Amino acid sequence: MPPVDHRAWALQRTRALLADGPAQRVIGVMVASIDGRAAVDGKSGGLSSEADKALLKAWRAQAGALLVGARTLETERYGSLIPDTDSDARLARGLPGWPRVLTVSRRLDLDLEAILSTDDALPLTVYTTADDVGEVPGTDTDVVRLADVSPASVLADARRRYACDVVACEGGPRLLAVALAQGVVTDLSLTLAPVILGDGPSLLPQGDGAEARKLSAVAAEAVDGSAFVHFRRP
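Worth saying up front: this structure is predicted, and the values here are computed from it rather than measured.

Rules used throughout
- Residues numbered from 1 in each chain as written.
- Predicted model: local features only at pLDDT ≥ 70, side-chain atom pairs only at ≥ 80, totals over all residues.
- Heavy atoms only, no water.
- Helix = DSSP H or I, 4+ residues; strand = E, 2+ residues; numbered from the N terminus.
- Contact = heavy atoms within 4.5 Å.
- Core = buried A, V, L, I, M, F, W, Y, C linked by side-chain atoms within 4.5 Å.
- Buried < 20%, exposed > 50% of the residue type's maximum accessible area, 1.4 Å probe, protein only.
- Axes fitted to C-alpha atoms, helices over the stretch in contact; angles between N-to-C directions.
- Parallel < 35°, antiparallel > 145°, perpendicular 65-115°, else oblique.
- Left-handed = near helix turned anticlockwise from the far one by under 90°.
- Pairing = 2+ DSSP bridges.
- Phe/Tyr/Trp six-rings, centres within 6.5 Å; stacked < 30°, edge-to-face > 60°.
- Salt bridge = Lys/Arg side-chain N within 4 Å of Asp/Glu carboxyl O.

As for the side chain of Ser 189
As for its position among the elements, Ser 189 is in strand β7 (residues 187-193). Excluding residues within four positions of it along the chain, Ser 189 makes contact with Ile 27, Gly 28, Val 29, Met 30, Leu 55, Trp 59, Val 229 and His 230.

Pasting the structure below:
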């Protein structure tokens, strides 16, 4: 069997899934072990494969914005979000070259200098409830103060401000859990890595009284030993 062209496979998969459904989407993009753990040594990269990395970049290439938790943003580092070829394709479609990164820092205590150290021009919007913003680093960094910085409020503001229909929510797990609980997630792109960890953070941490959320599986396939399942909210 010839080797899989991961980039071509991922782009075809994301385009087909977006073509089947409404224009406005919030897609949770997550990787987990078979026993539902979301990270190895605090990072999701320990569970990822070449196919999973290609799928993540393909979702970024299709999205107008990425919703990312502040701690995930600090831990994972966001430099070159997508390949130059995908950036050129976005520009040809009338989109910005890179999707805008949205994050929440209630007290505005995240390390912006570290986040922007790999790319000072990263298009980044920080939502906060803090009154004192101060000097903001970066050449394309916005700080937006909202009384409510829940995922639903952030997404509503971002859609008005940046006209982004497709938003990829990359976690971390707690952010995705809240977004699911608020009913703003329309799709879940889940990669199941072929490993059982036994410990580490849960894919979707839930508090007491969390409501059941029903999703429907609309696509599933195995690539290079990992399972890729796409769920959609009915």
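On we go from here.
A word on the nonpolar core
In terms of nonpolar packing, the biggest core is built from 35 residues, with Leu 66, Val 101, Leu 122 and Leu 124 touching the most fellow members. Among the elements that take part in this core, helix α2 (residues 50-62) stands out by supplying six residues, more than any other. Setting aside its immediate chain neighbours within four residues, Leu 124 contacts Leu 73, Arg 100, Val 101, Thr 103, Leu 112, Ile 115, Leu 116, Asp 140, Thr 141 and Asp 142. Counting residues in hydrophobic clusters, the runner-up holds 26 residues, among them Tyr 127, Val 144, Leu 176 and Ala 179.

Notes on unusual backbone geometry
Here the bond from Gly 171 into Gly 172 is cis, since omega is 15°, no more than 30 degrees from zero. Inspection of the secondary structure assignment puts Gly 172 in the loop between β6 (166-171) and α7 (173-181). Unlike most non-glycine residues, Leu 108 shows phi in positive territory, near 55°. Its location among the elements puts Leu 108 in the loop between β3 (100-104) and α5 (112-115). By relative accessible area, which is 18% here, Leu 108 ends up buried. We note that Ala 163 has phi near 55°; this positive angle belongs to a residue other than glycine. Here Ala 163 falls in the exposed class, since its relative accessible area comes to 63%.

Here we look at the packing of helix α1 (residues 6-19) against α2
Relative to each other, α1 and α2 sit at 45°, their axes nearing to 8 Å. The angle between α1 and α2 falls in the class oblique. By crossing handedness, the relation of α1 to α2 is classed as right-handed. Along its contact with α1, which presents His 6, Arg 7, Trp 9, Ala 10, Leu 11, Arg 13, Thr 14, Arg 15, Leu 17 and Leu 18, the element α2 presents Glu 50, Ala 51, Ala 54, Leu 55, Ala 58, Trp 59 and Gln 62.

A look at the environment of Val 149
Among the secondary structure elements, Val 149 is positioned in the loop between β5 (141-145) and α6 (151-162). Here Val 149 falls in the buried class, since its relative accessible area comes to 3%. Among residues more than four places away in sequence, those in contact with Val 149 are Val 104, Arg 106, Tyr 127, Thr 128, Thr 129 and Val 154.

As for the pairing of strand β9 (residues 226-232)
A large share of β9 lies buried, amounting to five of its seven residues. Where β7 lies against β9, six bridges are found, and the strand directions are antiparallel. Looking at β9, one finds that Leu 188 is bridged to Phe 231. As paired elements, strand β8 (residues 216-223) and β9 share seven bridges and run antiparallel to each other. The partner of Ala 217 across the bridge, within β9, is Phe 231.

Section: the sheet that holds β5
In space, the nine strands of this open sheet follow the order β5-β4-β3-β2-β6-β1-β7-β9-β8, with mixed pairing throughout. Edge strands, defined here as strands with exactly one partner in the open sheet, are β5 and β8. This sheet shows a mean twist of 20° between the axes of neighbouring strands, independent of strand direction. Note that β3 and strand β4 (residues 124-128) share four bridges and pair parallel.

Some details on the packing of aromatic side chains
For the structure on display, the rule yields one aromatic pair. Residues Trp 9 and Phe 228 carry aromatic rings whose centres are separated by 4.9 Å and whose planes lie at 70° to one another, so their mutual orientation is edge-to-face. Taken together, the positions of Trp 9 in helix α1 and Phe 228 in strand β9 put the pair 219 residues apart, joining distant regions of the chain. As far as the burial class goes, Trp 9 and Phe 228 line up, both buried.

Observations regarding the pattern of salt bridges
One pass over the full model with this rule turns up 14 salt bridges. When the shortest N-O distance is used, the salt bridge between Lys 53 and Glu 50 registers 3.7 Å. Of the two residues, Lys 53 and Glu 50 are both situated in helix α2; the distance of three residues between them amounts to about one turn of the helix. A residue is classified by how much of its surface remains accessible, and Lys 53, at 40% relative accessible area, is partly exposed. Taking the shortest distance from any N to any O, the salt bridge between Arg 145 and Asp 131 comes out at 2.9 Å. Of the two residues, Arg 145 is situated in strand β5 and Asp 131 in the loop between β4 and β5; the sequence distance between them amounts to 14 residues. Under the relative-accessibility criterion, Asp 131 is labelled exposed at 66%. Three or more residues are tied together by salt bridges with common partners; here these are Asp 20, Arg 25, Asp 187 and Arg 232.

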